[in-house]
Amino acid sequence: MVQAFAVYRDALREAWGDWWLTWPLIQSVAVGDVLHDARGAVRAAGTLGDRRIAFTQTAPAARGAFVHDAGGGIDVRFKVSGATDPLFSALVDADAGVLLRFARERAALVAYRGMTGSGMADTRDLAASLVRRYWEGRWDAGLLAVTEVVRAEAAAVLVAASAGAAVELRLATSVGAGPLSLLDLAGSARVAGSRHLGFQWIGEAVTPLFRVVRLRSTWLGGVREEFGPVQPGRGLDAEPVPPVLLEQAGDDPRAVLESPPQPVEPLTAAESVEDVS
């Protein structure tokens, strides 16, 4: 599974850069989720709402569609309903479908249809809230906040286990009557037969991409150098948050927050860390 994720990650890297990838794809990620990164092992850790941190989220905006075919390393052959094609062995004449043949070992077909994106309207309030909570000892350096997500109405991800892998997919009747495209695989295709296929996932309503922020490591270092480590009781009337720290968050959230690269291991929801409230 980790190898399949690595191939999938490489397939999306050029188009989506530093976006984090949800894996497995059935896992849900939402704006305002909190994650905990412990030396590269990322786990769910509640939400900003659990910590009484409010934020405003933008309305979903269209992001189009996305198709990746391993840089042309996949041979694609479509079959319309009612046609006969000797290259297809698992589909009958009445079926509409697609035959994919992978020329390389590390090859993937990725298709997302009906993509939309939404996120935090402004991160200034978030930066100020995290500054306060860090000062009070209720937010640590390993916590991450999800600030933006991309959703897809439907998706298809197929990864080859070796060179020469092949798969036949049967398409739903509703998409089999007209011209076919790889986007038709997203959500509506079903595997009819395959060989040397390493991973397959076809389904609907996924959140494949998201962005996170954390307190900037250089900012944390400066706070520790100037004010010392977090102490119990700090943040009460006797020792409120220094105004200069809140001013930094308000003037430029990027001085306080950073977007870290995704660890090699994907996010896992097997366990969740306790809320640090």
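See the structure above.
Description of the structure in this document. (Residues numbered from 1 in each chain as written. Predicted model: local features only at pLDDT ≥ 70, side-chain atom pairs only at ≥ 80, totals over all residues. Heavy atoms only, no water.)

### Quick word on the pairing of strand β8 (residues 143-160)
The element β8 is largely enclosed, with a buried count of 15 among its 18 residues. Here strand β2 (residues 33-38) pairs with β8 via three bridges, running antiparallel. Within the sheet, the bridge partner assigned to leucine 35 lies in β8 and is leucine 144. The sheet contact formed by strand β7 (residues 108-119) and β8 spans eleven bridges and is antiparallel. For serine 118, the partnering residue across the bridge sits in β8 and is valine 149. In the sheet, β8 pairs with strand β11 (residues 197-215) via 13 bridges, with the strands oriented antiparallel. Residue alanine 152 lies in a different strand from β11, and its bridge partner there is valine 206. (Buried < 20%, exposed > 50% of the residue type's maximum accessible area, 1.4 Å probe, protein only. Helix = DSSP H or I, 4+ residues; strand = E, 2+ residues; numbered from the N terminus. Pairing = 2+ DSSP bridges.)

### Quick word on unusual backbone geometry
Of note, the amide linkage connecting tryptophan 23 to proline 24 takes the cis form, showing an omega dihedral of 0°. The residue proline 24 is located in the loop between β1 (20-21) and β2 in this model. At arginine 52, a residue that is not glycine, the phi angle is positive and equals roughly 60°. Of note, arginine 52 is situated in the loop between β3 (41-47) and β4 (61-68). Of note, histidine 196 is a non-glycine position whose phi angle comes to about 55°, a positive value. Secondary-structure assignment places histidine 196 in the loop between β10 (190-195) and β11.

### Concerning the sheet that holds strand β6 (residues 97-102)
One open sheet holds the four strands; their spatial order is β5-β6-β9-β10, and the pairing between them is antiparallel. Each of the sheet's edge strands pairs with one partner strand only, and the pair in question is β5 (74-79) and β10. Each neighbouring strand pair of the sheet contributes to a mean axis angle of 15°, computed without reference to strand direction. The pairing of β5 with β6 spans six bridges and is classified as antiparallel. Considered in β6, the bridge of lysine 79 is made with glycine 97. (Axes fitted to C-alpha atoms, helices over the stretch in contact; angles between N-to-C directions.)

### Concerning helix α2 (residues 124-135)
In this model α2 runs 17 Å from its N-terminal to its C-terminal C-alpha over twelve residues, within 8% of the 16 Å that 1.5 Å per residue would give. Most of α2 is tucked away: nine of the twelve residues are buried. The set of residues buried in α2 consists of Leu126, Ala127, Ala128, Ser129, Leu130, Val131, Arg133, Tyr134 and Trp135. Residues of α2 that are buried make contact with β8, β11, α3 (217-227), α4 (243-251) and β12 (257-258). Positive backbone phi, at 80°, marks glycine 137, one or two positions downstream of α2. (Expected span 1.5 Å × (residues − 1). Contact = heavy atoms within 4.5 Å.)

### Here we look at the environment of leucine 25
Among the secondary structure elements, leucine 25 is positioned in the loop between β1 and β2. Sequence separation between leucine 25 and glutamine 3 is 22 residues, and the spatial gap between their C-alpha atoms is 15 Å. Discounting residues that sit within four places of it in the chain, leucine 25 has contacts with Tyr8, Tyr112, Val157, Trp201, Val206 and Pro208.

### Regarding the environment of tryptophan 16
For tryptophan 16, the position within the fold is in helix α1 (residues 2-16). Put simply, tryptophan 16 and alanine 163 are 147 residues apart on the chain and 26 Å apart in space, counted from C-alpha to C-alpha. With residues up to four places along the chain from it excluded, the contact list for tryptophan 16 reads Arg63, Phe66, Met115, Val150 and Leu209.

### As for the pattern of salt bridges
Here the structure, examined in full by the defined rule, presents 13 salt bridges. Taking the shortest distance from any N to any O, the salt bridge between aspartate 75 and arginine 101 comes out at 2.6 Å. In this pair, aspartate 75 is assigned in strand β5 and arginine 101 in strand β6, connecting sequence segments 26 residues apart. Taking the shortest distance from any N to any O, the salt bridge between aspartate 85 and arginine 77 comes out at 2.5 Å. Given the relative accessible area of 35%, arginine 77 is considered partly exposed. When salt bridges with common partners are traced through the structure, they connect Arg9, Asp10, Arg13 and Arg106 into a single cluster. (Salt bridge = Lys/Arg side-chain N within 4 Å of Asp/Glu carboxyl O.)

All quantities given are derived from atomic positions and should not be read as evidence of function.
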